[in-house]
Each structure stands twice: as structure tokens, then as C-alpha cells.
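# Chains, contacts and geometry: an overview
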Amino acid sequence: MLGEELALGVLALLADKIILPLFVHSNSTVKVPNVMGKSIEEARLLLGQNKLEVQGIREVANDKAPKGTVINQLPYPNAEVKEERRVYLTVSKGKEIVRVPSLIGKSLRDARVALMRLGLQIGATSYEFSETIQQDLVSAQSVPAGGEAQFNEAISVVLSRGSESQITVPDLVNGTMDEAREKLLEAGLTLGEVTDVHDDTYMGETILSQHPAAGTIVPKNTPVRVSVTK
């Protein structure tokens, strides 16, 4: 009688400690399905069918995956987990939209820094006369301040040449006559009197001096006199 009771006790212990846990464990684990590339709704449905629960959806900018698409999951696909396990999803919110700052009145360097801080960059640059914006500062931008741009988009700017009626004289000294003509034409000035100077130190056709001096503010079409080596 005692032997039978002992045998029954051992069987009960084996059933409780070994057989039952194995049975429960085998029926409570599932493989996590791959939901990457699916919409949130599709991911919820598929995970729910596998007795898993969506938890902690995180949205991040992504310029390759359409908005609302799952781009990452945790646990990863095919991982073996217990039923009712929480699955964390990362979902694309599409291309990131950035509000463009005002660049008007900034130097090219400051404009570039302002854009870089927001994930944008400087695009093409051009020059135009401006009666209101100081020379070499931004007078216009391709996307207005407060406008929307995509992350990493290039914003083109126009830099002021200064007032069309007030020109900054370029530096002509040590340059050639051809270079001087080009600089003066570009600046809106003209070539004035040319004085030949004998100087063996410099090559011929080298400009030794100019008047008005470089940096002087003068009206448009002002003639600039130069002295040139013979």
C-alpha cells in the first residue's frame, strides 16, 4: 500500500514539474511574423492573429518608405516568444518637412550655417543689385521664410551687389588690363585714363595703381584711372 502511494506521488510530481510545463510551454510560444513593409493596420491584424500585441509605435522620418509603413520591429521577425508578447514598431512618417528660416540680410556663411542647423543646405548663388540690402548679403531666397522644404533640400539665394547707383570699386592693382576691363564691366564701371609707366620690376601690361582706390563707393559708370607698366 505504501509502495503504491509512493509511486503515485512520484508520477504526480513528474506531471507537475516536467510534463505539464512542457505541454504549457509548447502551446504558449509563437514565432513573430515579419510585418516590416506593411501598414500599421496590416501589422496589427497579422500580429493579432499570432496572439501578439502591438505596443509602443514610434514614428521617424524616412525618405524611402511611404508614410505609415513599418520599417522596424522588436522582437525581430521569426523570434520565438510567448503568446501575448508586446511587439514594438517603428513606422515611417515619410519625408521630413522643414520650415525654411529667413536668410534675408545674412552673409552667405551665416545663411549656410542657419540652413545646416535645420538639415537644409545652400543651393545655387547669384548676384543682383539691391537698393535696400547691403552688398554681399542675401537679398532673396528660392523658398520664402516660413515655407516648407524637404529635409536636405537645397535653398538657392541671391546676394546683393549693393545699390545699382553706388558701386564698390574692385581691386585692379597687380592685375592685367584684360582682367581690369572684365572686373570693371562686371561692376558697372568704366575704364578711364590709362597712364604708361616704365618699371622693370613688373611684367608689361601690369596695373601698378588705380584711382579711385579699391573699396571706394562711387556712382555707376564712374571711370577708373589706372597706371600700367610699359
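Residues numbered from 1 in each chain as written. Predicted model: local features only at pLDDT ≥ 70, side-chain atom pairs only at ≥ 80, totals over all residues. Heavy atoms only, no water.

### Comments concerning the sheet that holds strand β13 (residues 190-197)
Pairing is mixed in the open sheet, where 3 strands are placed in the order β13-β16-β14. Pairing within the sheet leaves two strands with one partner each, and these edge strands are β13 and β14 (207-211). Ignoring strand direction, the axes of neighbouring strands in this sheet form an average angle of 25 degrees. Of the strand pairs in this sheet, β13 and strand β16 (residues 223-229) are connected by 6 bridges, and their pairing is parallel. Across the sheet, residue Thr190 finds its bridge partner in β16, namely Pro223. (Pairing = 2+ DSSP bridges. Helix = DSSP H or I, 4+ residues; strand = E, 2+ residues; numbered from the N terminus. Axes fitted to C-alpha atoms, helices over the stretch in contact; angles between N-to-C directions.)

### Examining the side chain of Thr69
Its location among the elements puts Thr69 in the loop between β3 (58-60) and β4 (70-74). In this structure Thr69 comes out as buried when scored by relative accessible area, which is 13%. Within the structure, Thr69 has its side chain in polar contact with the backbone oxygen of Pro66 (distance 3.0 Å). Leave out the neighbours within four places in its chain, and Thr69 touches Gly37, Lys38, Thr90, Val91 and Ser92. (Buried < 20%, exposed > 50% of the residue type's maximum accessible area, 1.4 Å probe, protein only. Polar contact = N/O pair within 3.5 Å; in protein donor to acceptor, adjacent residues only side chain to side chain. Contact = heavy atoms within 4.5 Å.)

### Points about helix α2 (residues 40-49)
Turning to α2, its buried residues are Ile40, Ala43 and Leu47. All buried residues of α2 lie within an arc of 60 degrees about the axis, which places them on one face of the element. Turned more than 90 degrees off the buried face of α2, the exposed positions are Glu41, Leu45 and Gln49. Residues of α2 that are buried sit in contact with β2 (53-54), β4 and β6 (86-92). (Arc of directions from axis to C-beta.)

### Looking at the pattern of salt bridges
Using the criterion set out here, one finds 5 salt bridges in the structure. Across the salt bridge formed by Glu148 and Arg99, the nearest N and O atoms sit 3.4 Å from each other. Taken together, the residues Glu148 in strand β10 (residues 148-150) and Arg99 in strand β7 (residues 97-99) connect sequence positions 49 residues apart. (Salt bridge = Lys/Arg side-chain N within 4 Å of Asp/Glu carboxyl O.)

### Considerations on the sheet that holds strand β9 (residues 138-141)
Within the open sheet, the 3 strands sit side by side as β8-β11-β9. Their pairing is mixed. Either end of the sheet is taken by a strand with one partner, and the two such strands are β8 (121-128) and β9. Mean inter-strand twist for the sheet, computed between neighbouring axes without regard to direction, equals 30 degrees. Against the sheet, helix α3 (residues 108-116) touches β8, β9 and β11 (154-160), its axis set at about 155 degrees to β8.

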